[in-house]
Amino acid sequence: MDNCLPAKPKTESVNISVPSLPKIGTSIPYSRYFIMPAVSANRKKPLILVVDDQPININLLERKLQRENMEVMTAANGRECLDAVSRITPDLILLDVMMPEMDGIETCERLKKNPETNAIPIIFITARSSKEGKLEGLNVGAVDYITKPIDLDETLARVKTQLRLQEIHRENLELQKRLGESRRSAAVGAVTQGVAHNLNNLLGVAVGYLDLLKTSADNPEMVRRSVALIDNAVDRMIDIIRQLSTIATIERLPLQPIGVQELLDAALARFREEYKILSPVIIRNLTPKNCAVRTNPEILESVVGKLLINAFEALPKTANPDGKIEIEARLDTKEDDTPNLIMQVMDRGVGISPEVAENLFDPFISTKTAVGTGLGLTMARHAIRNLGGDIELISRPEGGTVARLIHPMT
């Protein structure tokens with residue numbers, strides 16, 4: 001190339017001569033001044049794209065950055081910049097604001113709108129010293145700016161700062177990925193261990209009563225009792241497998257409108273029927289009285305039932321449970337937001353054990369003082385999320401727990 005810089009001098013004090021450079025402001029041929037280094041996908045040196053329509057600025061920046069063990073590619077205007085980035089992704093772009101054809105502001109906007117390039121940090125090189133000029137660049141997505149005339153040492157310091165920030169960002173992303181993988185592995189391990197433990201226990205019950213049947217064939221009452229217990233153990237195994245299959249799927253559920261009062265009455269009746277619990281549950285603060293929600297009544301009734309059984313099991317066994325479980329329902333309306341139905345199941349039981357506070361919704365999380373056991377809370381949250389809502393568990397300052405169910409009204 002006729003206009004290449006001379007060989008790298010040994011010291012910073014050596015004068016730089018740039019032979020045959022066009023005059024400042026002269027159009028720079030793309031084929032002559034666009035430099036694309038051969039860079040592998042796993043490059044170790046940072047790659048900087050310098051975009052400026054003034055050759056002297058390009059050469060000075062290029063030389064300074066290369067001396068700091070950085071690779072450099074260059075472009076003379078915004079269109080060349082976009083073309084360069086489409087070929088290879090730089091670690092950082094030094095972008096002049098005032099350029100012909102496409103200026104730096106428009107170039108930056110296009111880069112930030114493209115999902116493949118919006119994460120590249122851009123430092124503007126600008127002759128504008130006003131606050132408004134600098135803010136314009138920052139508002140379109142630049143991370144920093146350098147004012148002309150360019151101070152090479154200051155520029156290098158700012159480039160290194162942004163490269164360090166990028167490296168920290170990449171390390172954080174990698175750490176989050178590893179943490180996510182560790183959590184998934186731990187969750188799979190917990191589920192596997194929980195399934196094995198529960199099924200082994202139930203199989204042990206079934207095998208034990210089968211052995212008893214073999215020695216009690218002549219005792220009809222013993223046979224009937226053993227068969228009933230085996231049948232119960234098998235049903236519980238089937239239920240565990242069914243619930244695990246449900247957790248692994250995301251369904252599109254049929255929805256229909258139902259009054260909140262009607263829904264709660266049906267959920268309470270179902271709770272008492274399924275769990276054979278006659279303890280009264282108080283419904284209070286139902287507002288507004290006649291509101292309806294569009295939902296899957298079967299699923300929502302089941303979720304409320306699971307929250308009620310968790311509240312009941314958390315109550316002290318020696319205390320009179322009357323009036324200890326309360327339900328309230330209200331609309332949560334926020335400006336510019338879709339209103340949500342908030343249903344809360346409140347108890348004055350043992351509260352949330354610190355041992356399981358962070359893992360309450362994991363399968364088979366259980367301690368003697370835990371609010372939720374087995375798959376109940378796991379299933380409840382999965383079901384309500386399929387309906388677009390969520391569940392939160394909150395400790396009450398006065399003792400006990402609030403299970404808050406959030407369901408969108410539309």
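In case you missed it, the structure is sitting above this.
First things first, this report covers the structure right here in the doc. (Residues numbered from 1 in each chain as written. Predicted model: local features only at pLDDT ≥ 70, side-chain atom pairs only at ≥ 80, totals over all residues. Heavy atoms only, no water.)

1. A word on the pattern of salt bridges
Reasoning step 1: With the rule as written, the count across this model stands at 16 salt bridges.
Reasoning step 2: With a closest N to O distance of 3.2 Å, Arg178 and Glu174 form a salt bridge. Remark: Glu174 and Arg178 occur in helix α6 (residues 152-215); sequence separation between them is four residues, near one turn of the helix.
Reasoning step 3: Of the residues examined, Arg178 reaches a relative accessible area of 52% and is grouped as exposed.
Reasoning step 4: Glu392 is the partner of Arg404 in a salt bridge, and the nearest nitrogen-oxygen pair spans 3.5 Å. Here the residue Arg404 occupies a position in strand β12 (residues 401-408), and Glu392 occupies one in strand β11 (residues 390-395), the gap between them amounting to 12 residues.
Reasoning step 5: Bridged by salt links that share partners, the residues Asp52, Asp96 and Lys148 form one connected network. (Salt bridge = Lys/Arg side-chain N within 4 Å of Asp/Glu carboxyl O. Helix = DSSP H or I, 4+ residues; strand = E, 2+ residues; numbered from the N terminus. Buried < 20%, exposed > 50% of the residue type's maximum accessible area, 1.4 Å probe, protein only.)

2. As for helix α4 (residues 104-113)
Reasoning step 1: Those residues of α4 lying buried are Gly104, Ile105, Thr107, Cys108 and Leu111. Each buried residue of α4 lies within a common arc of 160° when the element is viewed along its axis, so the set occupies one face.
Reasoning step 2: The backbone nitrogen of Ile105 has a side-chain oxygen 3.3 Å away, supplied by the residue at the start of α4, namely Asp103. (Arc of directions from axis to C-beta. Polar contact = N/O pair within 3.5 Å; in protein donor to acceptor, adjacent residues only side chain to side chain.)

3. Some remarks on the packing of helix α3 (residues 78-87) against α4
Reasoning step 1: One way to put it is that α3 packs onto α4 with a least axis distance of 9 Å and a crossing angle of 25°. In this view, α3 runs roughly parallel relative to α4, as classed from their interaxial angle. Judged by the sense of rotation from one axis to the other, the crossing of α3 with α4 is right-handed. Between α3, through Gly78, Arg79, Cys81, Leu82 and Val85, and α4, the contact on the second element is made entirely by Thr107, Arg110 and Leu111.
Reasoning step 2: A breakdown of the residues in the contact of α3 with α4 according to their chemical character gives four nonpolar, two polar and two charged. (Axes fitted to C-alpha atoms, helices over the stretch in contact; angles between N-to-C directions. Parallel < 35°, antiparallel > 145°, perpendicular 65-115°, else oblique. Left-handed = near helix turned anticlockwise from the far one by under 90°. Contact = heavy atoms within 4.5 Å. Nonpolar A, V, L, I, M, F, W, Y, C, P; charged D, E, K, R; others polar.)

4. Topic: the sheet that holds strand β4 (residues 122-126)
Reasoning step 1: With respect to topology, five strands assemble into an open sheet ordered β2-β1-β3-β4-β5, the strand pairing being parallel. Looking along the sheet, the strands with just one partner apiece sit at the ends: β2 (71-75) and β5 (144-147). Mean inter-strand twist for the sheet, computed between neighbouring axes without regard to direction, equals 20°.
Reasoning step 2: Pairing between strand β1 (residues 47-51) and strand β3 (residues 92-96): four bridges, direction parallel. Counted as the bridge partner of Val51 is Leu95 from β3. (Pairing = 2+ DSSP bridges.)

5. Here's the deal with the sheet that holds strand β9 (residues 326-332)
Reasoning step 1: Judged by pairing direction, the sheet is mixed, and its five strands sit side by side in the order β7-β9-β10-β12-β11 without closing on themselves. In this open sheet, the two edge strands, each paired with only one partner strand, are β7 (282-286) and β11. Averaged over all pairs of adjacent strands, the angle between their axes in this sheet comes to 20°, without regard to strand direction.
Reasoning step 2: Summarising the sheet, strand β10 (residues 340-347) and β12 pair through eight bridges and their orientation is antiparallel. When the bridges of β12 are listed, Leu341 appears paired with His407.
Reasoning step 3: The sheet strands contacting helix α8 (residues 260-275) are β7, β9 and β10, and the helix crosses β7 at an angle near 165°.

6. With respect to α3
Reasoning step 1: Gly78, Glu80, Cys81, Ala84 and Val85 are the residues of α3 that are buried. Seen end-on, α3 carries its buried residues on one side only, within an arc spanning 155°. Across from the buried face of α3, at angles greater than 90 degrees, the exposed residues are Ser86 and Arg87.
Reasoning step 2: For α3, the capping residue at the N-terminal end is Asn77, with a side-chain oxygen 3.1 Å from the backbone nitrogen of Arg79.

Without other data, these values stay purely geometric and don't point to any function.
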